[in-house]
Amino acid sequence: MREAQAATPVGEAVASRLEEELAGTMRERALRNAELAALARALIAATDPTTTEDAP
Amino acid sequence: MRIKALRLTWFRGAADPVTLGADGKSMGIYGCNGAGKSSFVDSVEYGIRGGKIGHLVSEYSGRNQEKAIPNTHTPANGNTEFSIVFQDDSELNVKIAPNGTYTRTGADAVAMHDWDYRRIVLRQDEVAEFIRSRKGEKYSALLPLFGLHELEVAAENLRQLARSVESQAKLPQKQGALSQIASRRRQAFGNESDAAIEARIDALYAKYCPAERATAALDRCKELEAALANRIGALTAENQRYLALRALAELDFAGAVSAVRDANAQLASSVDPLITEKLAVLQSAEVFAVRLEDAGEIECPACGKPIAADAFKAHVQAEEERLGNIIGAFEERRAAVSTLIDCLKALKTALGKAELEQWQAAISETAGKADLEWIEHCEPESYRRSLGEDDLAAIATHGPLLVAAADEASRDAPPAIAELSGDQGTIDAAKSVFESQALVAEITRIGELIAFINAAERGIRTEIRERSEAVIAEISADIGAMWAMLHPGEPIENVGLYLPDEDKAIDISLRFHGKDQDSPRLTLSEGYRNSLGLCIFLALAKREAGSDRPLILDDVVVSLDRNHRGMIVDLLKSQFADRQVIIFTHDRDWYAELRHQLGGKQWEFKALLPYETPQLGIRWSERTTSFDDARAQLKDRPDSAGNDARKIMDIELALIAEKLRVRLPYLRGERNDHRTWNDFLERLLADGKKCLQKKSGADYPSYTAGLDVLDAARRLLVSWGNRSSHSLDVERAEATKLIDACEKALDVFECGGCGMPLWLADAGNQEWVQCQCGDLRWRYGKG
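All values reported here derive from a predicted model rather than from experimental measurement.

S.K.: Would you mind showing me how to read the overall build of chain A here?
M.R.: Tallying secondary structure elements over chain A gives four helices and zero strands in all. Secondary structure elements of chain A occur, N-terminal to C-terminal, as α-α-α-α. A burial count over chain A gives 41% of its 56 residues as buried. In chain A, the share of contacts with a sequence separation of at least 24, taken over all contacts with a separation of at least 6, comes to 28%. Element-wise, carbon and sulfur atoms account for 52% of the exposed surface of chain A, whose accessible area totals about 3,200 Å².

S.K.: Mind showing me how you'd approach empty space enclosed by the protein here?
M.R.: It is the rolling of a water-molecule-sized probe over the atoms that shows where space remains empty. Residue and element names in this part refer to chain B. Going through the model one piece at a time under the given rule, you end up with one cavity of 30 Å³ or more. Of the volumes computed, that of the largest cavity is approximately 100 Å³. Lining of the largest cavity is provided by Y139, E152, R461, I464, R465, S468, L499, E502, D503, K504 and A505. For the lining of the largest cavity, the leading source of residues is helix α15 (residues 415-486), giving four residues. When its residues are assigned to classes, the lining of the largest cavity shows four nonpolar, one polar and six charged.

S.K.: Just checking my understanding: could you explain the packing of helix α6 (residues 171-189) of chain B against α15(B) for this structure?
M.R.: Packed helix pairs are characterised by how far apart their axes lie and by the angle those axes make with each other. Residues and elements named next belong to chain B. The interhelical angle for the contact between α6 and α15, taken along N-to-C directions, is 150 degrees, at an axis separation of 9 Å. Remark: the crossing between α6 and α15 carries left-handed chirality. A breakdown of the residues in the contact of α6 with α15 according to their chemical character gives 14 nonpolar, four polar and five charged.

S.K.: Whenever I open this one, the sheet that holds strand β16 (residues 692-694) of chain B confuses me. Can you help?
M.R.: Through backbone hydrogen bonds, the strands of a sheet pair up, either in parallel or in antiparallel fashion. Residue and element names in this part refer to chain B. Spatially, the three strands line up as an open sheet ordered β16-β18-β17, and their pairing is antiparallel. Both edges of this open sheet fall to β16 and β17 (768-770), since each of them pairs with a single strand only. Taken over all neighbouring pairs, the strand axes of this sheet differ in orientation by 25 degrees on average, direction set aside. Here three bridges tie β16 to strand β18 (residues 776-779), and the two strands are oriented antiparallel to one another. Within β18, the residue paired with K694 across the bridge is L776. Along the sheet, helix α21 (residues 677-691) makes contact with β16 and β18, crossing β18 at roughly 110 degrees.

S.K.: Got a minute to help me understand the confidence of the model for chain A in this structure?
M.R.: In low-pLDDT regions, the fine details of the predicted coordinates are not to be read closely. Residues and elements named next belong to chain A. Looking at chain A as a whole, its pLDDT mean stands at 80, while 73% of the residues score no less than 70. Within chain A, helix α1 (residues 2-7) has the poorest average pLDDT of any element, 65, and helix α4 (residues 33-47) the best, 92. Across residues 52-56, where pLDDT falls below 50, the model places seven contacts with residues more than four positions away in sequence or in other chains.

S.K.: Where do I start with the sheet that holds strand β12 (residues 515-517) of chain B in this structure?
M.R.: Residue and element names in this part refer to chain B. Read from one edge of the open sheet, three strands run β10-β11-β12, paired in antiparallel fashion. Two strands lie at the open edges of the sheet, namely β10 (492-498) and β12, each paired on one side alone. Going across the sheet, the axis of each strand differs from the next one's by a mean of 15 degrees, ignoring polarity. Here strand β11 (residues 507-512) pairs with β12 via three bridges, running antiparallel. Within β12, the position partnered with L510 by the bridge is Q517.

S.K.: Please clarify how the pairing of strand β3 (residues 26-30) of chain B should be interpreted in this entry.
M.R.: All names here are of chain B. Within β3, five of the five residues are buried, leaving the element largely enclosed by the surrounding structure. In β3, alternate side chains face the same way, and those of S26, G28 and Y30 on one face and M27 and I29 on the other are all buried. Alignment of β3 against strand β15 (residues 603-607), held across five bridges, turns out to be parallel. Bridging across to β15, Y30 finds its partner in A607. With four bridges joining them, β3 and strand β14 (residues 581-585) adopt parallel strand pairing. Its bridge partner lying in β14, M27 is registered against I582.

S.K.: What am I meant to see in the interface of chain B and chain A here?
M.R.: Interface size is commonly expressed as the accessible area that is lost once the parts come together. Facing 22 residues of chain B, the contacting portion of chain A comprises 27 residues. Where chain B abuts chain A, roughly 2,000 Å² becomes buried across the two surfaces, and 75% of that area is made up of carbon and sulfur atoms. Together, N157(B), R445(B) and F452(B) form the three largest contributors to the area buried by chain B at its contact with chain A, with a combined 30%. Summed over the shared surface of chain B and chain A, the number is two salt bridges. Two residues, R27(A) and E150(B), come together in a salt bridge whose shortest N-O distance is 3.9 Å. Connecting chain B to chain A are eight residue pairs in polar contact (both at pLDDT 80 or more). Looking at the side of chain B that touches chain A, the elements with two or more residues in it are α5 (149-168) and α15 of chain B.

S.K.: Looking at this structure, I do not really get the layout of surface pockets. What am I missing?
M.R.: Residues and elements named next belong to chain B. The computed volume of the second largest pocket comes to approximately 1,400 Å³. In this structure, the second largest pocket is lined by 49 residues; those nearest its centre are R184, Q187, E250, L251 and D428. Elements represented by at least two residues in the lining of the second largest pocket include exactly α6, α8 (217-233), α9 (237-249), α10 (253-291), α11 (312-351) and α15. Of all the elements, α11 adds the most residues to the lining of the second largest pocket, at ten residues. Here the residues of the lining of the second largest pocket are counted per class, giving 22 nonpolar, 15 polar and twelve charged.

S.K.: It is not clear to me how the packing of α15(B) against helix α16 (residues 526-542) of chain B should be interpreted in this structure. Could you clarify?
M.R.: All names here are of chain B. Orientation of α15 relative to α16, taken along the N-to-C sense of each, is 135 degrees, at an axis distance of 9 Å. As the angle between them shows, α15 and α16 are arranged oblique. For the pair α15 and α16, the sense of crossing is right-handed. Contacts from I475, D478, I479, M482, W483 and L486 in α15 reach Y528, S531, L532, C535, I536, L538, A539, L540 and K542 in α16. Residue composition of the contact of α15 with α16, by class: twelve nonpolar, one polar and two charged.

S.K.: Explain the nonpolar core here, please?
M.R.: Soluble globular proteins: nonpolar side chains tend toward being buried together. Counting 86 residues, the largest nonpolar core has L18(A) and L161(B) as the members making the most contacts within it. For this core, the leading source of residues is α15(B), giving 17 residues. Ranked by size, the runner-up nonpolar core spans 45 residues in total, among them M649(B), L684(B), F749(B) and Y780(B).

S.K.: Could you clarify how one ought to interpret α4(A) in this entry?
M.R.: Owing to its 3.6 residues per turn, the α-helix aligns residues three or four sequence positions apart on the same side. Relative to the 21 Å expected for 15 residues at 1.5 Å per residue, α4(A) spans 21 Å between its end C-alpha atoms, a close match to the ideal helical length. Restricting attention to buried positions, one finds in α4(A) the residues L36(A), A37(A), L39(A), A40(A), A42(A), L43(A), I44(A), A46(A) and T47(A). Each element contacted by the buried residues of α4(A) is listed here: α2 (12-23) and α3 (25-28) of chain A together with α5 and α15 of chain B.

S.K.: Would you mind showing me how to read the side chain of S436(B) here?
M.R.: Assignment of secondary structure puts S436(B) in helix α15. Excluding anything up to four places from it in sequence, S436(B) contacts L178(B) and I181(B).

S.K.: What's the story with the pattern of salt bridges in this structure? I'm lost.
M.R.: Any two side chains of opposite charge can pair if their charged atoms end up close together. All names here are of chain B. What the rule picks out here adds up to 55 salt bridges over all chains. R246 is the salt-bridge partner of D407, the closest N and O atoms lying 2.8 Å from each other. With D407 in helix α14 (residues 389-409) and R246 in helix α9, the pair connects residues that are 161 residues apart, well separated along the chain. Residue classification places D407 among the partly exposed positions, given a relative accessible area of 24%. One network of salt bridges, in which partners are shared, links R12, D42, E45, R49, R123 and D554.

S.K.: Even after reading the chapter, I still don't get unusual backbone geometry, so can you show me in this structure?
M.R.: With glycine set apart, most residues show a phi of negative sign, and most peptide bonds adopt trans. Backbone geometry places A111(B), a non-glycine residue, at a positive phi of 50 degrees. Under the relative-accessibility criterion, A111(B) is labelled buried at 15%.

Reading the values: rules and limits
Residues numbered from 1 in each chain as written. Chains lettered and ligands numbered in written order. Predicted model: local features only at pLDDT ≥ 70, side-chain atom pairs only at ≥ 80, totals over all residues. Heavy atoms only, no water. Helix = DSSP H or I, 4+ residues; strand = E, 2+ residues; numbered from the N terminus. Buried < 20%, exposed > 50% of the residue type's maximum accessible area, 1.4 Å probe, protein only. Contact = heavy atoms within 4.5 Å. Areas by Shrake-Rupley, 256 points an atom, 1.4 Å probe, with all protein chains shown as cover. 1 Å grid on protein atoms, 1.4 Å probe; cavity = no way out; pocket = protein on both sides within 12 Å on 5 of 7 lines; lining within 4 Å. Points joined across faces, edges and corners; volume = space filled by probe spheres on them. Nonpolar A, V, L, I, M, F, W, Y, C, P; charged D, E, K, R; others polar. Axes fitted to C-alpha atoms, helices over the stretch in contact; angles between N-to-C directions. Left-handed = near helix turned anticlockwise from the far one by under 90°. Pairing = 2+ DSSP bridges. pLDDT = per-residue confidence, 0-100. Buried area = accessible area lost by both parts, 1.4 Å probe. Salt bridge = Lys/Arg side-chain N within 4 Å of Asp/Glu carboxyl O. Polar contact = N/O pair within 3.5 Å; in protein donor to acceptor, adjacent residues only side chain to side chain. Parallel < 35°, antiparallel > 145°, perpendicular 65-115°, else oblique. Core = buried A, V, L, I, M, F, W, Y, C linked by side-chain atoms within 4.5 Å. Expected span 1.5 Å × (residues − 1).

Below, the structure written as structure tokens:
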């Protein structure tokens, strides 16, 4: 994960969130579409410097 | 969990209950073709695979294999069922209804359905299956052994997440909007850079807003808009009319319509063949599903074209790229339509202005009336849903005429008005360029997020590969060691697994007479492939999580020659001594060899009677030898029965002589390898006078009664055994007596007290061997 972050300029919030997901549900089973969409929205919000602090 | 017993009732070849009693030991089971060996293996597969037996899958066996699994002659009151009793005395009971549905009860703790069939059972037709399978199938077969399921799930979730981010961020739409702005920028500024456009705005800012202090380009544009609005408000009515007409005259309907037509053409050239191919796909989908079972060429489910199975993955990727390009063409068209709609809206807005009422009234008196009526009824937003060639033709006809009329009417405008109009257009276009910078930043952020997720997926796939390589190295070492045991000193070496460059693939490499080979399919004969297949199965089975699970080999040595078959015994003894191994074979020689080499406390041997009728079903012989095969022929072919008895003695006596270290005179050339019962029995009788001993009190006198039995068999073999082979002139009674005599002769080498063979224990003194209880003894070296 840290290697990926070093190779691509995303913020700590995004990296931490994805790292957290990868340590949990993402390893256990294939995520449903709705779960993927919710996570995608959260990550998109986390990339926006104006909304990062309020991101879920 | 070891198996204690398998009990079959009207299941496959079985009729009334027949039980394979292993009692947790390893077993060697002999049966001629069709005797029912595989029925036992079928029951294990049924238990593991939850009601399916792989070799019965066909269009004829029925949805639940109900036409293949029950005995064909199951009586109306008979039930098809089987039980598997495990070492802990738990019992799995399976009852199969006539329609093939089944119920299973018991042995929940064993959880047989969690066993991996490919690590438990190997059948004759599956020996080379792994070698024949494609690289991806090999990977899938080995995946459970890698313990990488979690990583595989995570990598796939990341792949799907990247797609979801793209969709949730509406990335294609945003890219379309950006494309529209870029189109307008090209129209207004050509190839000018952002700095050049900013310089233009700076100049206009100095011209129209000399007292203002905004620094950001976008802010300057907004202030310029306000300043120009003030100036326009102060213009005379005539100049305001000129200005409105100039704005109208600068609309580029011809360019906008042309852009939509170009996008339409590009889209049509991409989509038309796609639709044709998709129709073909629907028709060939069923064919594809059937042909996927075979190796070689298949039809692509995306386009229907014939394609080599190995190239399928690359083909799918190319198809995905192609679809990506088509989506891009859609976005281009959407942007072109939006530009055209903006033109139409600008035209309607301009015509709605009070200062142009007089001009409209004037052109209504001319041919321009039709153009005005057309624009009045035009609804630009409706073109987002549907924009046909008729619509484009109407726009291309009426729009430019109104633009031309406005241009004509504004030709007498003062230069300052024309300049003001031009500046207004520049400011408007520049404002959209600067506003788009936020959109660009957003698209860049989303792109970086997707790249990040993709990088994380690549990282996991790298980890999968590294860990796979480590496991593969261990498995390869086992395969190599087993291969070396089966083929010592042979010029096929370095046998092992490797990971090719592409993802999710595994293949087998080896060195053939000093040359590296990427696949055993390039050089190895069928016999060698099967031998390699057996090594791979055993190497994988060694890694089976449940090492107390049995290993079942069903007729797996068919294509191996005698030397290599012999090595398998050594392999099983050295590598699987602690595992329950159940071997089924129809090879009489190998069965005899197994009995002699593996006999003892850990192994049981049983023989099946030849199959007679479905009503009689599978039956066990009371003997561990294969003489019942000979007896089965007594009725119709007594000569064959006698001949079979003689052949059995050829094999059995050779193995006994080897066990007892009986020395035979050296013969020239290949004659050493073609000795018969006569050579061995003569020598056993001669040596036996001093070597074969039976305990009497504290002494070991010669076992003369046993020698008499051997001699009786020798005499019958000389007379009737040879006649069976050469003149076929043997009566049923004679053949019966011959078989009985041969069977009794072999019994001489088994202790009547403990039931163990004469060579069970050697006491470590190299002087003699004896049975378990010590009643029967063979003293080496002529006593």
